[in-house]
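Listed here are the chains, written in short residue letters.
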Amino acid sequence: MRILKITGSVLAVLLISLLAFFTYQFWPRTVETLADINAKIPAPTTSTGVRISAFSTGYNESPEAVIYSGGSVFETHKSVYSGFIIEHPKATILLEGGVGENIGAEHAANFNAFERQLFAYTKTQTARERMIGANYDPSKIDRVLLTHLHWDHGAVIPDFDGVPIMTTNAELAFARAEAPTNFSIFEEHLNRKNTNWQPFDLSDVPYGPFKQSFDMFLDGSIVAVPLGGHTNGSIGVFVTTDQGQRYFFIGDASWSLDAVKNANPKIPLVQGLVDHDKAQTELTLALLHEVYKDNPEIQFVPTHDGPIVDLLAQFPKFE
Ligand SMILES: [Zn+2]
């Protein structure tokens with residue numbers, strides 16, 4: 001009888017703890033929003049001859065509730081490992097690129113069984129495979145531009161040996177310092193002998209509400225801005241096409257456009273796993289929320305938001 005009573009108490013404590021854990025994780029939260037600022041993004045000087053095409057290299061599905069705070073536990077969200085080919089008259093850019101050919105071996109070498117399960121996904125085709133399949137010569141890619149160097153972004157690096165790999169100096173330094181202890185960064189993405197690193201610094205030229213920027217061709221058609229927090233040197237990239245369509249690629253500052261609309265951060269468990277600086281990531285999200293409100297004509301594109309990536313012309317189509 002006594003044993004039964006003790007077992008009952010233990011079970012009750014366990015149940016209450018579980019309930020508290022899930023309530024804490026899934027209670028809908030918003031980040032503290034900024035006082036109303038002017039977050040208008042300047043018009044591009046010119047975007048003649050710029051076109052863009054989207055693709056993804058793999059996907060997984062999970063309840064929306066684990067993608068952002070306040071997401072539904074009943075709705076399924078499709079996350080993708082996406083990339084974007086941007087043709088500019090001066091160069092063709094691969095912005096992000098999803099996972100590459102070595103991803104299976106990289107997962108096996110870097111992840112334990114739990115992490116492999118956590119990041120399990122269905123591979124479709126890599127950037128290089130898609131290009132070859134569409135008779136689009138991969139050597140057309142003049143530069144690869146990455147929002148940050150977590151494994152699911154750096155994984156395209158080995159497939160483009162010799163091609164300039166661009167990210168911020170801050171991000172490359174951060175990734176190199178973190179790689180030995182941070183499970184989100186794979187050292188083999190950083191230490192390859194044939195990688196042509198061409199990192200850059202953001203300049204102190206403001207762009208809308210962003211204090212720094214990097215205007216790739218000095219024509220306003222492709223402009224990077226700081227989105228620190230998720231990683232120290234994370235960037236977002238504004239792209240304006242020949243047709244006047246404006247995009248804002250926000251990397252992993254948020255995994256869902258709905259989360260930007262409603263200022264919902266990731267859930268605490270996930271923040272602890274993937275966001276390097278939680279407070280800074282939330283400040284960045286608050287700023288993105290303002291930019292979203294003040295620029296309704298700009299389509300935000302979180303790298304992993306499947307339905308949003310699907311809105312763009314899908315490779316080999318361009319827009
Ligand atoms: Zn990512």
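Bear in mind the structure is a predicted one, so any value in this text is a computation, not a measurement.

So, how was this worked out
- Residues numbered from 1 in each chain as written.
- Predicted model: local features only at pLDDT ≥ 70, side-chain atom pairs only at ≥ 80, totals over all residues.
- Heavy atoms only, no water.
- Donors = N, O, S within 2.8 Å, 3.2 Å for Na, K, Ca; no water.
- Tetrahedral: all angles 85-135°; square planar, octahedral: opposite > 155°, others 65-115°.
- Helix = DSSP H or I, 4+ residues; strand = E, 2+ residues; numbered from the N terminus.
- Pairing = 2+ DSSP bridges.
- Polar contact = N/O pair within 3.5 Å; in protein donor to acceptor, adjacent residues only side chain to side chain.
- Contact = heavy atoms within 4.5 Å.
- Salt bridge = Lys/Arg side-chain N within 4 Å of Asp/Glu carboxyl O.
- Buried < 20%, exposed > 50% of the residue type's maximum accessible area, 1.4 Å probe, protein only.

**Let's talk about the coordination of the zinc ion**
Octahedral six-donor coordination of a metal ideally yields angles of 90 or 180 degrees, compared with 109.5 degrees for tetrahedral four-donor coordination.
Alright, step 1. Around the zinc ion, the protein contributes the donor atoms Asp-152 (OD), His-153 (NE2), Asp-252 (OD) and His-304 (NE2), which lie 2.0 to 2.1 Å from the metal centre.
Alright, step 2. Each of the four donor atoms bound to the zinc ion contributes to angles spanning 86 to 157 degrees, and the resulting shape is irregular.
Alright, step 3. Within one chain, the residues serving as donors to the zinc ion are arranged as D-H-x98-D-x51-H. Here His-304 lies in the loop between strand S12 (298–301) and helix H10 (306–309) and Asp-252 lies in the loop between strand S11 (246–249) and helix H7 (257–262), a separation of 52 residues in the sequence.

**Some points on the sheet that holds strand S10 (residues 235–240)**
Alright, step 1. Read from one edge to the other, the open sheet built from five strands follows the order S8-S9-S10-S11-S12, with strand pairing classed as mixed. Of all the strands in the sheet, the pair left with one neighbour each is strand S8 (214–215) and S12.
Alright, step 2. Two strands pair when backbone bridges link them, and S8 and strand S9 (residues 222–226) are joined in this way by two bridges, in the antiparallel orientation. When the bridges of S9 are listed, Asp-215 appears paired with Val-223.

**Some details on the side chain of Asn-264**
Alright, step 1. Tracing the backbone shows Asn-264 in the loop between H7 and helix H8 (268–274).
Alright, step 2. Here Arg-29 takes part through its backbone oxygen, which lies 2.7 Å from a polar atom of the side chain of Asn-264.
Alright, step 3. Among the polar contacts listed, one links the side chain of Asn-264 to the backbone oxygen of Ser-69, at a separation of 3.4 Å.
Alright, step 4. If we ignore the near neighbours within four places in the chain, the residues touching Asn-264 are Arg-29, Thr-30, Tyr-68, Ser-69, Asp-258, Ala-259 and Leu-285.

**Regarding the sheet that holds strand S1 (residues 51–63)**
Pairing between the strands of a sheet is mediated by backbone hydrogen bonds and can be parallel or antiparallel.
Alright, step 1. On the basis of which strands lie adjacent, the open sheet formed by seven strands has the order S4-S1-S2-S3-S5-S6-S7 and mixed pairing. For this open sheet the edge positions go to strand S4 (122–123) and strand S7 (196–197), each flanked by a neighbour on one side alone.
Alright, step 2. Bridge count between strand S3 (residues 91–96) and strand S5 (residues 143–145): three bridges; the pairing is parallel. Bridging across to S5, Leu-95 finds its partner in Leu-145.

**Some remarks on the pattern of salt bridges**
Side chains that differ in charge, positive against negative, can pair when their charged atoms come close.
Alright, step 1. Tallying each qualifying case throughout the model produces eight salt bridges.
Alright, step 2. Between Lys-123 and Glu-129 there is a salt bridge, with its nearest N and O atoms 3.5 Å apart.
Alright, step 3. The class for Lys-123 is partly exposed, based on a relative accessible area of 37%.
Alright, step 4. Residue classification places Glu-129 among the partly exposed positions, given a relative accessible area of 28%.
Alright, step 5. For the salt bridge of Glu-290 with Lys-293, the shortest nitrogen-to-oxygen distance reads 3.4 Å. One end of the pair, Glu-290, and the other, Lys-293, are both in helix H9 (residues 278–294), three residues apart, so they sit about a helical turn from each other.
Alright, step 6. Judged by relative accessible area, which is 0%, Glu-290 ranks as buried.

**Some thoughts on the pairing of strand S2 (residues 76–88)**
Alright, step 1. Within S2, 11 of the 13 residues are buried, leaving the element largely enclosed by the surrounding structure.
Alright, step 2. Relative to S2, S1 runs antiparallel, the two sharing 11 bridges. Its bridge partner lying in S2, Ser-62 is registered against His-77.
Alright, step 3. Inspection of the sheet shows S2 paired to S3 by six bridges, in the antiparallel sense.

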